[in-house]
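This is what each chain is made of:
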Amino acid sequence: MPVVFRWIFFGCLSRSLITMSALLAIFIIVESFDKARYLGHGLDAALMIEYMLLKIPFMLAEFMPIIVLIGASLYLIELSRNQELVAIRAAGMGISKILIPLAAVAGMAALTSFIIGEWVTPVTNQRLDSIEEIHIQHKQSNKQGVQWLKDGRSFFRLTPLADHQFAMLVLKTDPQGSWLERIDSPRASYSNGVWHLNKALISTPTDDQMMHMEQRETMEIISDIGPEAVELPNAHHMNFAELHRYIGELKHAGLGTGAYTYALQRKFSAPFACLLMVIMAAALCLHAGNRNNQASWGLVLSLSLGLAFYVFGNAGYLLAGSNRIPPAFAAWLPSLVYGGTAVFLLLRREGH
């Protein structure tokens, strides 16, 4: 490993680890004060500590690009103020000699973020949601509102009505996932393993690409899936394979996949953003010479852009959830915007 590479690599890595520790410390302090009000009201000290520890993987996966941005910015500002960038330039070394070790740190961060998001947070998020809903929000069940249930090759959509009754939509599919029959009922109830439907409208596609419609006053569907048996899978509780498989099932059944497609794409867009952040840091904080004013402004911009990246990502999630923009586009939009801006600023700085 070349001396310059090792020097920049470990310098950037150490600053990133310090940044990560500082952000986690701030988070734990703020979250402790926020959750302390629930102590004695469903939350005890042991549960509170467990909650904090379980939240750390989520925070790391969520904020890893910001950690890399701030860590790289701090290190580049330090190099500038100590005249070390002047020495690197004087030795005839181009910007690639600086970006490559920074990118190596970002690559490690991206891999760590992907591993945590794929194998750790799907497990910890389930327990987090359980603590949040049962011990903090005091919900008896998280199966409220509209539910999508799956029983074999049938999908049930239940919309709660009064007196334990539901407006129901049923989609029956073949082994390939194509839908065979749709049943709509304005009022249905469940008892003893049987769904009782009133005024069921049955729609069946025909061979000539038409639709056969049949109305029944009453209808029964035998199913082990009741209104409290299965909840809609939470995208934050699923790994890549589970998301990919479930998205395929929804598509074959003709159902929307918004939240799941967004979560699947985020498993790749968030780690990839770590690589883009070192380019942004170089564009903002790479100053040859002791330019304290420029360096300070570069750090302020890095902190501001890091916060904006997080807000931008949440806005994309909300827009995707409301079907205003495609979910895959929403997942990649912050990375594309930041990446394009960073490359433009860096090329402009280098005179290209």
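Note: the structure precedes this text.
Residues numbered from 1 in each chain as written. Predicted model: local features only at pLDDT ≥ 70, side-chain atom pairs only at ≥ 80, totals over all residues. Heavy atoms only, no water.

Asker: Requested: an account of the overall build of the protein chain, with residues and values cited.
Answerer: Along the protein chain, the regular secondary structure elements total eight helices and six strands. Summarising its shape, the C-alpha atoms of the protein chain cover approximately 85 × 60 × 35 Å along the three principal directions. Classification of the 352 residues of the protein chain by burial places 41% in the buried group. Once local pairs closer than 6 in sequence are excluded, the contacts in the protein chain between residues at least 24 apart make up 63%. Accessible surface, the protein chain: about 18400 Å² in total, of which carbon and sulfur atoms supply 62%. One finds the centroid of the 27 positive side-chain charges in the protein chain at a distance of 12 Å from the centroid of its 27 negative side-chain charges. (Helix = DSSP H or I, 4+ residues; strand = E, 2+ residues; numbered from the N terminus. Buried < 20%, exposed > 50% of the residue type's maximum accessible area, 1.4 Å probe, protein only. Contact = heavy atoms within 4.5 Å. Areas by Shrake-Rupley, 256 points an atom, 1.4 Å probe, with all protein chains shown as cover. Lys, Arg positive; Asp, Glu negative; His and termini not counted. Charge placed at Lys NZ, Arg CZ, Asp CG, Glu CD.)

Asker: Describe the nonpolar core, listing the residues and the values that go with them.
Answerer: Grouped together as the largest cluster of nonpolar side chains are 47 residues, with contacts concentrated most on Leu60, Val68, Leu76, Ile98, Leu102, Cys274 and Leu286. Contributing elements (two or more residues each) for this core: helix H1 (3–36), helix H2 (45–81), helix H3 (84–90), helix H4 (96–136), helix H6 (258–285) and helix H8 (327–350). When residues in this core are grouped by element, the largest group, 15 residues, is from H2. The next biggest cluster of nonpolar side chains, apart from the first, holds 15 residues, and it includes Leu149, Ile202, Met219 and Ile221. (Core = buried A, V, L, I, M, F, W, Y, C linked by side-chain atoms within 4.5 Å.)

Asker: Mind laying out the sheet that holds strand E3 (residues 166–173), listing which residues take part and the relevant values?
Answerer: With respect to topology, six strands assemble into an open sheet ordered E1-E2-E3-E4-E5-E6, the strand pairing being antiparallel. If you trace the sheet from one side to the other, it starts and ends with strand E1 (147–151) and strand E6 (211–222), each paired once. Looking at each pair of strands side by side, their axes are set apart by 20° on average, direction ignored. In this structure, E3 lies alongside strand E4 (residues 179–191), joined through seven bridges in antiparallel fashion. Residue pairing across strands places Thr173 opposite Trp179, the latter belonging to E4. (Pairing = 2+ DSSP bridges. Axes fitted to C-alpha atoms, helices over the stretch in contact; angles between N-to-C directions.)

Asker: How would you sum up the packing of H6 against H8? Please name residues and give values.
Answerer: Relative orientation of the contacting elements H6 and H8 amounts to 10°, with a least axis distance of 7 Å. What the angle tells us is that H6 and H8 run roughly parallel. Here the residues of the contact of H6 with H8 are counted per class, giving 21 nonpolar, seven polar and two charged. (Parallel < 35°, antiparallel > 145°, perpendicular 65-115°, else oblique. Nonpolar A, V, L, I, M, F, W, Y, C, P; charged D, E, K, R; others polar.)

Asker: Report on the pairing of E3, specifying residues and quantitative values.
Answerer: Two faces make up the sheet, and in a regular strand the side chains alternate between them. Of all eight residues in E3, six are buried; the element is thus mostly enclosed. Judged from the seven bridges that link them, strand E2 (residues 154–160) and E3 form a sheet pairing that is antiparallel. Across the sheet, residue Phe156 finds its bridge partner in E3, namely Val170. The turn linking E2 back onto E3 is made up of five residues, and Asp163 within it adopts a positive phi angle of 60°. The turn linking E3 back onto E4 is made up of five residues, and Gly177 within it adopts a positive phi angle of 95°.

Asker: Now, about the state of the cysteines: what can you tell me, with residues and values included?
Answerer: According to the stated counting rule, one finds zero disulfides in the structure shown. Of all cysteine sulfurs in the structure, the one in Cys274 sits closest to Cys12, which takes part in no disulfide; the separation is 11 Å. Judged by its relative accessible area of 0%, Cys12 falls in the buried class. (Disulfide = S-S within 2.5 Å.)

Asker: Explain the pattern of salt bridges to me, and be specific about the residues and the numbers.
Answerer: Scanning the model with the defined rule gives 11 salt bridges in all. Across the pair Arg15 and Glu78 runs a salt bridge whose closest N-O atoms are separated by 2.5 Å. With Arg15 in helix H1 and Glu78 in helix H2, this pair connects stretches of sequence that are 63 residues apart. A relative accessible area of 31% places Glu78 in the partly exposed class. Taking the shortest distance from any N to any O, the salt bridge between Asp34 and Arg37 comes out at 3.0 Å. Residue classification places Asp34 among the partly exposed residues on the basis of a relative accessible area of 28%. Note on Arg37: relative accessible area 53%, which makes it exposed. Residues participating in the shared-partner salt-bridge network are Glu31, Asp34, Lys35, Arg37 and Lys55. (Salt bridge = Lys/Arg side-chain N within 4 Å of Asp/Glu carboxyl O.)

Asker: Can you tell me about H2, naming the residues and giving the values?
Answerer: Taking 1.5 Å per residue, 37 residues should reach 54 Å; H2 reaches only 46 Å between its end C-alpha atoms and comes up short. The largest bend in H2 comes to about 60°, at Phe63, with the proline Pro65 one to four residues further on. Of all the 37 residues making up H2, 27 are buried; the element is thus mostly covered by neighbouring parts of the structure. Its side-chain oxygen placed 3.3 Å from the backbone nitrogen of Ala46, Asp44 serves as the N-cap of H2. Looking at the residues trailing H2, positive phi occurs at Gln83, about 65°. (Expected span 1.5 Å × (residues − 1). Bend = angle between axes of the 7 residues up to and from the residue. Polar contact = N/O pair within 3.5 Å; in protein donor to acceptor, adjacent residues only side chain to side chain.)

Asker: Any chance you could break down the environment of Pro233 for me, citing the residues and the numbers?
Answerer: With respect to the helices and strands, the residue Pro233 is situated in the loop between E6 and helix H5 (240–252). Measuring from C-alpha to C-alpha, the distance between Pro233 and Trp148 comes to 8.6 Å, with 85 residues separating the pair along the chain. When neighbours within four sequence positions are excluded, Pro233 is seen to be in contact with Met238, Tyr246 and Tyr260.

Asker: Residue-level account of the side chain of Ser185, with values.
Answerer: In this fold, Ser185 is placed in strand E4. What makes Ser185 buried here is its relative accessible area of 4%. Setting aside residues no more than four positions away along its own chain, Ser185 makes contact with Ala167, Met168, Leu197, Asn198, Lys199 and Ala200.

Asker: Give a detailed account of unusual backbone geometry, specifying residues and quantitative values.
Answerer: Excluding glycine, a negative phi dihedral is what most residues carry, and trans is how most peptide bonds are arranged. The residue Asn192 is not glycine, and still its phi comes out positive at about 50°. Within the element layout of this structure, Asn192 appears in the loop between E4 and strand E5 (194–205). Here Asn192 falls in the exposed class, since its relative accessible area comes to 80%. Residue Lys199 is not a glycine yet carries a positive backbone phi of 50°. Along the chain, Lys199 turns up in strand E5.

None of this, on its own, says anything about what the molecule does.
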